[in-house]
Amino acid sequence: MNFEEHAGKSVLSRAGVSVPQGRLCASAQEAEAAARAIGPVVVKAQVPTGKRGKSGGVKLAATPEAAAASAQAILGMEIGGFPVARVLVEEQAAIAREFYAAVLNDPASRSPLVLFSTEGGMDIEEVAATRPESLRRMAVDIRKGFGPADARRLLLGLDLGEAAVPVAAMLVDLYRVYRQHDAELLEINPLALLADGRVVPLDCKLTVDDAALYRQTDIAELGAKEPLSALEERGRALDLKYIELEGNVGVLANGAGLTMTTMDVVSHAGGRPSNFLEIGGEAYTKGTEALDLVLSNPGVKSLVVNFCGAFARTDVMAGGVIQAWKTLNPTIPVFFSIHGTGEDEAVRMVREELGIEPYDRMEDAISAAVEAAR
Amino acid sequence: MIVRKSDRVLVQGITGKQGTFWTEQMQAYGTTVVGGVNPKKAGQSHCGVPIFATAKEAMANGGFDVSVMFIPPAAAKAAAIDAIEAGAKTVVCLTEHIPSHDVMEMHAAAAEHGTRIIGPNTAGIVTPGEGFVGIMPAFNPRVFQPGRVGVISRSGSLGTLVCLNLVRGGHGQSAFLGIGGDPMIGTTTKDALAALIDDPGTDAIALVGEIGGSMEEEAAELVAKTDKPVVSFIAGRASPPGKKMGHAGAIVTGDRGSYASKRGALERAGAVVVDVPGDLPAALDALMAEAAKRSGAQRLAD
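Because the structure is a prediction, the values reported are computed rather than measured.

## Concerning the domain arrangement of chain B
Residues and elements named next belong to chain B. In terms of domain boundaries, chain B breaks down into domain 1 (8-118) and domain 2 (140-294). The C-alpha centroid of domain 2 is placed 27 Å from the C-alpha centroid of domain 1. Taken together, the contacts link eight residues of domain 1 with eight residues of domain 2. Between domain 1 and domain 2 the total buried area reaches about 690 Å² when both faces are included, carbon and sulfur atoms providing 49% of it. Taken together, the links from domain 1 to domain 2 amount to zero salt bridges. Our enumeration of links across domain 1 and domain 2 arrives at three residue pairs in polar contact (both at pLDDT 80 or more). Secondary structure elements with two or more residues in the side of domain 1 that touches domain 2: helix H4 (100-113) and strand E7 (116-118). Tallying contributions element by element places H4 first for the side of domain 1 that touches domain 2, with four residues. The class makeup of the residues in the side of domain 1 that touches domain 2 is four nonpolar, two polar and two charged.

Below is the structure:
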């Protein structure tokens, strides 16, 4: 789950990390009132994506009137596919220097990684490529944690002067918030050293592990809602992983790997899949709901049902599909390929109850479905 | 990493519906299951083996080599660390959706105790004709036959399809190594490939990859060094970027983890990457014939 800047800063603030004073506003009037209370401000588009500055989504405003005009200009923009519905109106900081700081899950070391650079405001890949000497990284033993001594060691030799102390404290704080909230990524870019010596996060990018949301209920309501289509919302309500696509060949398979492969073969055969939907794992009993969902996409002209049962029993999945097929009585053609756990029973059921002969090779079932969709 | 009949297997969560079903399948196939864990039923027996309160207790009473976890996500960390601290050589972690911070704690504990974690989110490992650990249809003779091709797959369902294609093309397997669909797994594609390269029972390797991460690119370094033929299929070519395709590990951001990057790295290292899984057996036949010719020529030269 992604958190927009204002939500990420709320999480930081609740955890005792001081952030600039700011207000979330949904209109020019609200922005004007906020600026009247705060003083000179920055008006920033709130969307769960980067590159806001380059898209004109961040503007300085010295007066309440200017803040209203900036908010007017930014609200309703579209940045990275996201319509801007709200802006963060935040106090202008007297910035002395800008740094970069992040804590993230590192697949290579299978541990948390703390990153810091004296070069802030740039993309971190760009910093790594152009100013590698400014970038420090430390893999953390997750059972020991990351304390002040670790932070000092990370920063050793960097030209930070007196800022080294508050920067080290900030890194320890960021690691604490990352751990406390099951973050996959907590990135502060820029992390600003102010003229008065304080170190504050000017931006905040937070991603929390979806698998841990069950124990992050106190912050989950702050997270950005994923932009889902109506069908995708329905899939989510059923606890099915459904992604709507633009093609016309419906895909129903079990397991992420097999479903991706089915889409690949549809594409290789010259067709386009109308969805990603897998009913692997515990979801294999939801064949009926899943088929209903696939067929609800108005673009579907033919359907591939491709099962390779390991944990997921193909007889149970086929039973669900057959039941849905009989209830919905669709007019589009369907092409089966069924192998693995429970295949004999599943093939017999499809043959006897639907009068359809499953294909032995999935490539053949898919070619037939692509042909039928033309 | 390759499961043998001599490996003593402990089933954590043996008394649940899936634990029971798959324990029976493993036993029927020939896997040496020596016990199970369920703290509430310790002292009883299930599927003909004793139930222990913890993996540590199981280790103290007869011992085990491999633990397999039929454990829900919220309890997975504690169960894995119990098995690791008990001294398990290998922990096969089937569980999907374990919080990633818990997974990192499991990996840290495993590194300290020298335990190999396979997974999380793996469908398990199979040695046809000898045994299996996990939730793969080892017992289906159209999918698994004893043979000389080693198979590596992140995905259980796609691994099943690939094994089916191999058997259809006349190739049995020396081992199936399911490594898991999570982004932070204990045994990588490269680790699994190294095991198959070292295995005297393996003549050729089918490497099944997926978009996301950089494991296939890293494994390509070993592909370049081995004489064993390597064929590969990479899933996810048609997946839209930026979307999680079921597996948390299968996401493309920028060029990192892309299909083109993986296919390019493997092909430069000498692997044959096919467009559809059905083409794997023919690609394998061609490479193995070439390798046989080479070694024949080598013998003549010697």
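There's plenty left to go through after this.
## Regarding the confidence of the model for chain A
Of all residues in chain A, 100% have pLDDT values of 70 or greater, and the mean over the chain is 93. Averaged pLDDT values over the elements of chain A bottom out at 83 in helix H4 (residues 124-130) of chain A and peak at 98 in helix H6 (residues 164-180) of chain A.

## A short note on the packing of helix H9 (residues 256-268) of chain A against helix H5 (residues 156-168) of chain B
For the pair H9(A) and H5(B), the least separation of the axes is 5 Å and the interaxial angle reads 65 degrees. Counting all contacts with H9(A), which are made through Ala256(A), Gly257(A), Leu258(A) and Thr261(A), the residues of H5(B) involved are Ser157(B), Leu158(B) and Leu161(B). Per-class residue counts for the contact of H9(A) with H5(B) are four nonpolar, three polar and no charged.

## Structural notes on the UniProt feature "domain: ATP-grasp" (unreviewed entry) in chain A
Residues given the UniProt feature "domain: ATP-grasp" (unreviewed entry) here are residues 9-217 of chain A. Here residues 9-217 of chain A runs as 29% helix and 31% strand, with 17 Å between its end C-alpha atoms.

## Structural notes on the side chain of Thr20(B)
Residues and elements named next belong to chain B. Looking at the element boundaries, Thr20 is found in helix H1 (residues 17-29). For Thr20, a relative accessible area of 16% gives the class buried. At a separation of 2.6 Å, a polar atom in the side chain of Thr20 contacts the main-chain carbonyl oxygen of Gly16. Not counting the four nearest positions on each side in its chain, Thr20 is found in contact with Ile14, Thr15, His46 and Cys47.

## Details of unusual backbone geometry
Residues Asn189(A) and Pro190(A) are joined by a peptide bond in cis, for which omega reads 10 degrees. Mapping Pro190(A) onto the fold places it in strand E11 (residues 183-194). Residue Pro120(B) follows Gly119(B) across a cis peptide bond; omega there is 10 degrees. Residue placement: Pro120(B) occurs in the loop between E7 and strand E8 (124-127). In the Ramachandran plot, Arg110(A) falls in the positive-phi region, its phi being about 50 degrees despite a non-glycine side chain. By the secondary structure assignment, Arg110(A) is in the loop between strand E8 (95-106) and strand E9 (111-117).

## Description of the UniProt feature "domain: CoA-binding" (unreviewed entry) in chain B
Those residues carrying the UniProt feature "domain: CoA-binding" (unreviewed entry) are residues 2-98 of chain B in this numbering. Secondary structure across residues 2-98 of chain B comprises 34% helix and 26% strand; the distance between its end C-alpha atoms is 25 Å.

## Structural notes on the pattern of salt bridges
All names here are of chain A. Overall, the coordinates contain 51 salt bridges over all chains when judged by the stated rule. Of the charged contacts, one joins Arg236 and Glu226 as a salt bridge, the two residues approaching to 3.1 Å between their closest N and O atoms. Placement of Arg236 in helix H8 (residues 230-237) and of Glu226 in the loop between helix H7 (217-220) and H8 is noted, with a sequence separation of ten residues between them. In this structure Glu226 comes out as partly exposed when scored by relative accessible area, which is 46%. For Arg348, the salt bridge identified is with Glu345, shortest N-O distance 2.7 Å. Taken as a pair, Arg348 and Glu345 lie in helix H12 (residues 343-354) at a separation of three residues, close to a single helical turn. Using a relative accessible area of 33% as the deciding quantity, one classes Arg348 as partly exposed. Because the salt bridges share partners, they merge into one network encompassing Glu5, Lys9, Lys44, Arg52, Glu90 and Asp203.

## As for the layout of surface pockets
All names here are of chain A. The calculated volume of the second largest pocket comes to roughly 330 Å³. Lining the second largest pocket we find 16 residues, and of these Glu4, Gln46, Arg86, Ala224 and Lys225 sit closest to its centre. Listing elements by their share of the lining of the second largest pocket, those giving two or more residues are helix H1 (5-14) and strand E6 (82-83). The class makeup of the residues in the lining of the second largest pocket is nine nonpolar, three polar and four charged.

## With respect to empty space enclosed by the protein
Taken as a whole and assessed by the stated rule, the structure comprises one cavity of 30 Å³ or more. Considered as a void within the structure, the largest cavity measures approximately 30 Å³ in volume. In terms of lining residues, the largest cavity is bounded by Ser337(A), His339(A), Asp360(A), Arg361(A), Met362(A), Glu363(A), Leu161(B), Leu164(B), Asn165(B) and Arg168(B). Among the elements of the structure, strand E18 (334-340) and helix H13 (362-373) of chain A together with H5 of chain B are those that each provide at least two residues to the lining of the largest cavity. Examining the composition of the lining of the largest cavity, we find that four residues originate from one element, H5(B), more than from any other. A per-class count over the lining of the largest cavity returns three nonpolar, three polar and four charged.

## A word on the nonpolar core
Counting 128 residues, the largest nonpolar core has Phe336(A) and Val68(B) as the members making the most contacts within it. For Phe336(A), the residues in contact, after removing those within four places along its chain, are Val305(A), Val321(A), Val350(A), Leu354(A), Ile356(A), Pro358(A), Tyr359(A) and Ala365(A). Core analysis: the next-biggest nonpolar cluster, separate from the first, contains 66 residues, Ala15(A), Phe116(A), Leu186(A) and Ala80(B) among them.

## A closer look at the sheet that holds strand E9 (residues 131-134) of chain B
Residues and elements named next belong to chain B. Pairing in this open sheet of seven strands is mixed, and the strands run E9-E8-E11-E10-E12-E13-E14 from one edge to the other. Whereas interior strands pair on both sides, the edge strands pair on one side only; in this sheet they are E9 and strand E14 (272-273). As paired elements, E8 and strand E11 (residues 173-178) share two bridges and run antiparallel to each other. Across the sheet, the residue bridging to Val126 is Phe176, located in E11. Against the sheet, helix H9 (residues 280-301) engages strand E10 (146-153), strand E12 (204-210), strand E13 (230-235) and E14, with an angle of about 155 degrees to E13.

Rules of the game
Residues numbered from 1 in each chain as written. Chains lettered and ligands numbered in written order. Predicted model: local features only at pLDDT ≥ 70, side-chain atom pairs only at ≥ 80, totals over all residues. Heavy atoms only, no water. Domains from an automatic or database assignment. Contact = heavy atoms within 4.5 Å. Buried area = accessible area lost by both parts, 1.4 Å probe. Salt bridge = Lys/Arg side-chain N within 4 Å of Asp/Glu carboxyl O. Polar contact = N/O pair within 3.5 Å; in protein donor to acceptor, adjacent residues only side chain to side chain. Helix = DSSP H or I, 4+ residues; strand = E, 2+ residues; numbered from the N terminus. Nonpolar A, V, L, I, M, F, W, Y, C, P; charged D, E, K, R; others polar. pLDDT = per-residue confidence, 0-100. Axes fitted to C-alpha atoms, helices over the stretch in contact; angles between N-to-C directions. UniProt positions renumbered as here; feature names shortened; annotations may be inferred. Buried < 20%, exposed > 50% of the residue type's maximum accessible area, 1.4 Å probe, protein only. 1 Å grid on protein atoms, 1.4 Å probe; cavity = no way out; pocket = protein on both sides within 12 Å on 5 of 7 lines; lining within 4 Å. Points joined across faces, edges and corners; volume = space filled by probe spheres on them. Core = buried A, V, L, I, M, F, W, Y, C linked by side-chain atoms within 4.5 Å. Pairing = 2+ DSSP bridges.

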